Amino acid sequence: MSILKIGDKKIGADEPTFIIGEIGINHNGSMDNVFKLIDLAKDTGCDAVKFQKRTPELAVPKDQWNIKKDTPWGTIDYIDYKKKIELSVEQYKEIDQYCKNKNILWFSSCWDEQAVEDIASVNALCFKVASASLTDVDTINKMLSYDVPIIMSTGMSSMEEIEGSLKLFNNKTIGLLHATSSYPCEYEELNLNMIKTLKSMFSNHVIGYSGHESGLVTSAVAVAFGAKIIERHITLDRAMWGTDQAASLGPNGLRTMVSHIRTVEKALGDGVKKVYESEIPIRQKLRRVD
């Protein structure tokens, strides 16, 4: 089985599920929120946190720039809202140091080539290709110009698009995450069996699941289906202002999900039938014929 290594963490094969707390833009531009969300991820047992990095002038289509949006900063142009919630390179340097002190990994999805350069300048250990960027050849190639691991989500994509994008990586093993890009996603559209499909088709990659549903059990099911990476959006409070908050897990939900995943890992076993020591007294008591 394929192995992906991010920092000192091995992902795949018989390694524990790699759990990512997707902070994304749920910090609403506040470093205080950033630090609290990192603490939440660490305290609940996540292995990493993930952010989103954009250069607004490049990542936002120009026909959306002047659309008015109601925000905590008042009614402003959409492009100005995007600038408000962006974290600077200097802020990512603070994040890098904070995560090192907390002993938790961090990385970011990069939505344009400049964003890749910005994150690379902070010595990022991994890049994420967001579902929206799966067909962005230039941005993916920019990531590939750096010798770091890559994880890619596959939401809003056809199989043909996924296969086309994977050709860019040649023989490089990546993390490949099944996803449905609806926020929050209805259970009928999760299609968790795609995890098995990706495992059978792309055995040279480490398969995982990026969920945008509001429930918890589905992530544990994804692990039972073979996902070695689980990514879920996290928030301090699902009632907070922001487009992704409702599709995120709050503190109690995140803690419960991580616990469910670790329980499933213990329960899966090795698939080899055996008689356990705990069964022997019951066997001696109940079995009439050996």
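Details of the structure are given in the entry above.
Residues numbered from 1 in each chain as written. Predicted model: local features only at pLDDT ≥ 70, side-chain atom pairs only at ≥ 80, totals over all residues. Heavy atoms only, no water.

Student: Can you break down the nonpolar core residue by residue, with the values?
Tutor: One recurring pattern in soluble globular proteins: nonpolar side chains tend to sit buried together. Counting 58 residues, the largest nonpolar core has Ile38, Val49, Phe51, Ile95, Trp106 and Phe127 as the members making the most contacts within it. The element that contributes the greatest number of residues to this core is helix 1 (residues 31–43), accounting for 6 residues. Excluding anything up to four places from it in sequence, Val49 contacts Ile20, Gly21, Ile23, Ile38, Ala41, Cys99, Ile104, Leu105, Trp106 and Phe107. By size, the runner-up hydrophobic cluster in this structure holds 13 residues, among which are Ile6, Ile11, Ile20 and Leu105. (Core = buried A, V, L, I, M, F, W, Y, C linked by side-chain atoms within 4.5 Å. Buried < 20%, exposed > 50% of the residue type's maximum accessible area, 1.4 Å probe, protein only. Helix = DSSP H or I, 4+ residues; strand = E, 2+ residues; numbered from the N terminus. Contact = heavy atoms within 4.5 Å.)

Student: Tell me about the environment of His178, residues and numbers included.
Tutor: Its location among the elements puts His178 in strand 10 (residues 175–179). Residues His178 and Leu134, 44 residues apart in the sequence, show an inter-C-alpha distance of 12 Å. Aside from chain neighbours lying at most four places away, what touches His178 is Thr154, Leu190, Asn191, Leu192, Met194, Ile195, Leu198, Gly208, Tyr209 and Ser210. A distance of 3.1 Å separates the side chain of His178 from the backbone oxygen of Asn191, its partner in a polar contact. (Polar contact = N/O pair within 3.5 Å; in protein donor to acceptor, adjacent residues only side chain to side chain.)

Student: So what's going on with the pairing of strand 4 (residues 48–53)? Residues and values would help.
Tutor: Among the 6 residues in strand 4, 6 count as buried, and that is most of the element. Side chains of strand 4 alternate between two faces, with Ala48, Lys50 and Gln52 and Val49, Phe51 and Lys53 buried alike. Pairing of strand 3 (residues 18–24) with strand 4, which is carried by 4 bridges, proceeds in the parallel orientation. Bridged to Ile20 within strand 4 is Ala48. One ladder, built from 6 bridges, connects strand 4 with strand 7 (residues 105–110); its direction is parallel. Note on strand 7: the bridge partner recorded for Ala48 is Leu105. (Pairing = 2+ DSSP bridges.)

Student: Lay out unusual backbone geometry with the relevant residues and their values.
Tutor: Leave glycine aside and you will find that most residues have negative phi; peptide bonds, for their part, are mostly trans. A cis geometry characterises the amide bond from Tyr183 onward to Pro184, with omega recorded as -15 degrees. Assignment of secondary structure puts Pro184 in the loop between strand 10 and helix 8 (194–201). One non-glycine residue, Asn28, adopts positive backbone phi at about 55 degrees. Position of Asn28 relative to the elements: it lies in the loop between strand 3 and helix 1. Phi is positive for Asn103, which is not a glycine, with a value near 60 degrees. As for its position among the elements, Asn103 is in the loop between helix 4 (89–102) and strand 7.

Student: How would you sum up the packing of aromatic side chains? Please name residues and give values.
Tutor: Throughout the structure, instances matching the rule amount to 7 aromatic pairs. Their ring planes at 45 degrees and their centres at 5.7 Å tell us that Tyr78 and Tyr81 sit as a pair that is tilted. Taken together, the positions of Tyr78 and Tyr81, both in helix 3 (residues 78–84) and 3 residues apart, correspond to about one turn of that helix. Take Tyr78 and Tyr81: they sit in the same class, and that class is buried. Considering the side-chain rings of Tyr92 and Trp106, the 5.6 Å spacing of their centres and the 20 degrees angle between planes classify their relative orientation as stacked. Within this pair, whereas Tyr92 is found in helix 4, its partner Trp106 is found in strand 7, the two being separated by 14 residues in sequence. This pair shows no difference in class: Tyr92 is buried, exactly as Trp106 is. One aromatic cluster in this structure is built from Trp73, Tyr78, Tyr81 and Trp241. For the cation-ring pair, Lys69 lies above Tyr81, with the distance from its terminal atom to the ring centre recorded as 5.1 Å. (Phe/Tyr/Trp six-rings, centres within 6.5 Å; stacked < 30°, edge-to-face > 60°. Lys NZ or Arg CZ within 6 Å of the ring centre and 35° of its normal.)

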